[in-house]
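A look at the structure
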Amino acid sequence: MARALQLAARGQYSAHPNPMVGCVLVNNGEVVGEGWHVRAGEAHAEINALRDAGDKARGATAYVTLEPCAHQGRTPPCADALIDAGVGKVIAAMPDPFKEVAGRGLEMLRDAGVETESGLMQAAAEELNTGFISRVAQGRPFVRLKIAASLDGAIAMESGESEWITSQEARADVQKLRARSGALMTGIGTVLADDPSLNVRAPDLDTQGLQPLRVVLDSNLRMPLTATMLTLPGHTLVCCTGDHDGSNLEEAGAEVQVFGAHGDVVNVFEVLAALAEREINDVLVEAGPLIAGYLLEKDLIDELVIYQSPHIMGSNTRGMFTTPTWTALADRRMLEIMDTRRVGNDTRITARIAG
């Protein structure tokens, strides 16, 4: 199963919106077939492993990181393929939370006389697909906030100057975060100040040509027609409120969608629900302290990835978050540090909200 999880991770930049899945076929103690899901619409992990094994699949045990599918989607059910190949036993790391499967894949296998087990290395399998699980179980994507900061917590000078706080290695690492994400979210303030590209531009990452959806929170529809991101491959969704004419932006290549307001800002709850409907599993937020703080206040951040550079920027700076509703120590959010490691000369801290 550990090998199946390694295989599944090979699809981290290209499998979405489908989950990452790996499969290993073992017959008489010998690995006879391996496979993983590369891209939505293409063969699932089990099918690729069966093709790799050929006739040796008969009587084999299949170790698969997610319960085999039991429904006809873009591809036929994997449970049927395993049955037809004569596999003797299927061990799934976790059940599929997708309502059209949700136990039916293992049930189909058992009804056909195939022995089944579930739960082997389940925690690792769930960690691999936190975004997919969040979307199908909670109706919203997994939201990851990326921050580049100095040792004293500054993300920019008071003037807005911020290039570059972190190292080239850290910026390259961010490309991997982007490639893993179905959408990149920012605010209109960042667009107006920095004109970001918000794309994946690392040729060594096997993204199969996919680019994340660019999402701009822009209540009053101030998005400039000359924004660089509108000229790049991929799609840009501009989220506004009220009655605005977005025809010029749409002619420039953007998609404009109206959402309800939450105070003075776009209702991000509605935006995330809409992204889930678009089958977005993971959203990477790259924004300023207003949006970052707002999302924290609303408990919409699932994970923080903070690249901390070993320098001090002083007092005339901008901090990571603007959280006007936090006025007492009791308002703080406790974090659970999941991982800390060096990236170039910087420290990458991955943390989740505790409890």
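Our structure is the block above this text.
Numbers given to residues run from 1 along each chain, matching the order in which its sequence is written. Per-residue local features are limited, in this predicted model, to residues with pLDDT of at least 70; the limit for side-chain atom pairs, both in listing and counting, is 80 or more; totals at the level of whole chains, interfaces and linings are taken over all residues. Excluding hydrogens and water, the side-chain figures rest on all heavy atoms present in the structure.

Attention now goes to the pairing of strand E3 (residues 61-64). Along any regular strand the residues' side chains alternate between the sheet's two faces. We treat two strands as partners when DSSP finds at least two bridges between them. Helix numbering and strand numbering both begin at the N terminus, where a helix is a DSSP run of H or I of at least 4 residues and a strand a DSSP run of E of at least 2. With four bridges joining them, strand E1 (residues 22-27) and E3 adopt antiparallel strand pairing. Paired with Val 24 across the strands is Tyr 63, a residue of E3. One ladder, built from four bridges, connects E3 with strand E4 (residues 89-92); its direction is parallel. Paired with Tyr 63 across the two strands is Ile 91, which belongs to E4.

Time to look at the pattern of salt bridges. Basic side-chain nitrogens of Lys or Arg form a salt bridge, by our definition, when they fall within 4 Å of a carboxyl oxygen of Asp or Glu. Using the criterion set out here, one finds 15 salt bridges in the structure. Residue Arg 144 pairs with Asp 282 through a salt bridge whose shortest N-O separation is 3.8 Å. Placement of Arg 144 in strand E6 (residues 142-150) and of Asp 282 in strand E14 (residues 282-285) is noted, with a sequence separation of 138 residues between them. In this pair, the class of Arg 144 matches that of Asp 282, namely buried. Between Glu 286 and Lys 146 there is a salt bridge whose closest N-O contact spans 3.6 Å. Remark: Lys 146 occurs in strand E6 and Glu 286 occurs in the loop between E14 and helix H11 (289-297); sequence separation between them is 140 residues. Accessibility assignment for this pair places Glu 286 and Lys 146 in one class, buried. Here the residues in one salt-bridge network are Glu 127, Arg 144, Asp 282, Glu 303 and Arg 352, joined through shared partners. Only protein chains enter the accessibility calculation, which uses a 1.4 Å probe; a residue is then buried when its area is under 20% of its type maximum, exposed when over 50%, and partly exposed in between.

Below, the discussion takes up the sheet that holds strand E2 (residues 30-36). Two strands in a sheet stick together by hydrogen bonds in their backbones, pointing the same way (parallel) or opposite ways (antiparallel). Within the open sheet, the five strands sit side by side as E2-E1-E3-E4-E5. Their pairing is mixed. Edge strands, defined here as strands with exactly one partner in the open sheet, are E2 and strand E5 (115-118). The sheet shows a mean angle of 15° between the axes of neighbouring strands, taken without regard to direction. The contact criterion used is simple: two residues touch if any of their non-hydrogen atoms lie within 4.5 Å. Axes, fitted as lines to C-alpha atoms, cover a helix only where it is in contact. Angles between the N-to-C directions of the axes lie from 0 to 180 degrees. Running over the sheet, helix H2 (residues 45-53) touches E1, E2 and E3 and is turned about 140° from E2. Of the strands in this sheet, E4 and E5 are in contact with helix H4 (residues 104-111), which crosses E5 at around 155°.

Buried together is how nonpolar side chains tend to be arranged in soluble globular proteins. One finds Leu 25, Leu 50, Ala 62, Leu 82, Val 87, Val 90 and Leu 109 to be the most contacted residues of the largest nonpolar core, which totals 36 residues. Elements with a minimum of two residues in this core: helix H1 (2-8), E1, H2, E3, helix H3 (78-84), E4 and H4. Top element by residues in this core is H2. It accounts for five residues. Each residue touching Leu 25, except ones within four places of it in the same chain, is listed here: Glu 30, Val 31, Val 32, Gly 33, Ala 49, Leu 50, Ala 53, Ala 57, Thr 61, Ala 62 and Val 87. Judged by nonpolar contacts, the second largest core, of 35 residues, contains Leu 145, Phe 259, Leu 275 and Tyr 294. Put simply, buried Ala, Val, Leu, Ile, Met, Phe, Trp, Tyr and Cys residues joined by side-chain atoms within 4.5 Å make one nonpolar core.

Side-chain rings of Phe, Tyr and Trp, where Trp is taken by its six-membered ring, are said to pair if the distance between their centres is within 6.5 Å; with planes under 30 degrees apart they count as stacked, over 60 as edge-to-face, and otherwise as tilted. Here the structure, examined in full by the defined rule, presents zero aromatic pairs. Two limits define a charge over a ring: the Lys NZ or Arg CZ must be within 6 Å of the ring centre, and within 35 degrees of the ring normal. For the cation-ring pair, Arg 10 lies above Trp 36, with the distance from its terminal atom to the ring centre recorded as 4.7 Å. We note Arg 171 situated over the ring of Trp 164; from NZ or CZ to the ring centre the distance is 4.3 Å.

Let's shift gears to the environment of Thr 207. The topology assignment puts Thr 207 in the loop between helix H8 (188-194) and strand E9 (213-217). It is 21 Å that separates the C-alpha atoms of Thr 207 and Glu 46, two residues lying 161 residues apart in sequence. In contact with Thr 207, other than residues within four places in its own chain, are Tyr 13, Ser 14, Ala 179 and Val 200.

What follows deals with the pairing of E1. Counting buried residues in E1 gives six out of six residues, a clear majority hidden from the surface. Neither face of E1 is left uncovered, since the one carrying Gly 22, Val 24 and Val 26 and the one carrying Cys 23, Leu 25 and Asn 27 both have all their residues buried. Here six bridges tie E1 to E2, and the two strands are oriented antiparallel to one another. By the bridge assignment for E2, Val 26 is matched with Val 31. What sits between E1 and E2 in their antiparallel hairpin is a turn of two residues, with Asn 28 showing a positive phi close to 55°.

Glancing now at the sheet that holds strand E18 (residues 346-353). Ordered by their spatial adjacency, nine strands build an open sheet running E11-E10-E9-E8-E14-E6-E15-E18-E17, and the pairing between neighbours is mixed. The open sheet terminates on both sides in strands that have one partner only, identified here as strand E11 (254-259) and strand E17 (335-343). Strand after strand, the sheet turns through a mean of 25° between neighbouring axes, direction not considered. With seven bridges connecting them, E6 and strand E15 (residues 303-309) associate as parallel partners. Following the sheet pairing, Ala 148 is matched in E15 by Tyr 307. The sheet contacts of helix H6 (residues 130-138) involve E6, E14 and E18, and relative to E6 the element is tilted by about 135°. Sheet strands in contact with helix H7 (residues 168-180) are E6, strand E8 (183-187), E14, E15, E17 and E18, and its direction is about 165° off that of E15.

Three or more residues of helix H10 (residues 268-277) are buried, namely Val 268, Val 271, Leu 272, Ala 274, Leu 275 and Ala 276. The opening residue of H10 is Asn 267, an N-cap whose side-chain oxygen sits 3.0 Å from the backbone nitrogen of Phe 269. Glu 279 sits one or two residues past H10 and shows a positive phi near 65°. For this analysis, a polar contact is any N or O atom pair within 3.5 Å, provided that within protein one partner can donate a hydrogen and the other can accept it, and provided that sequence-adjacent residues contribute only side-chain to side-chain pairs.

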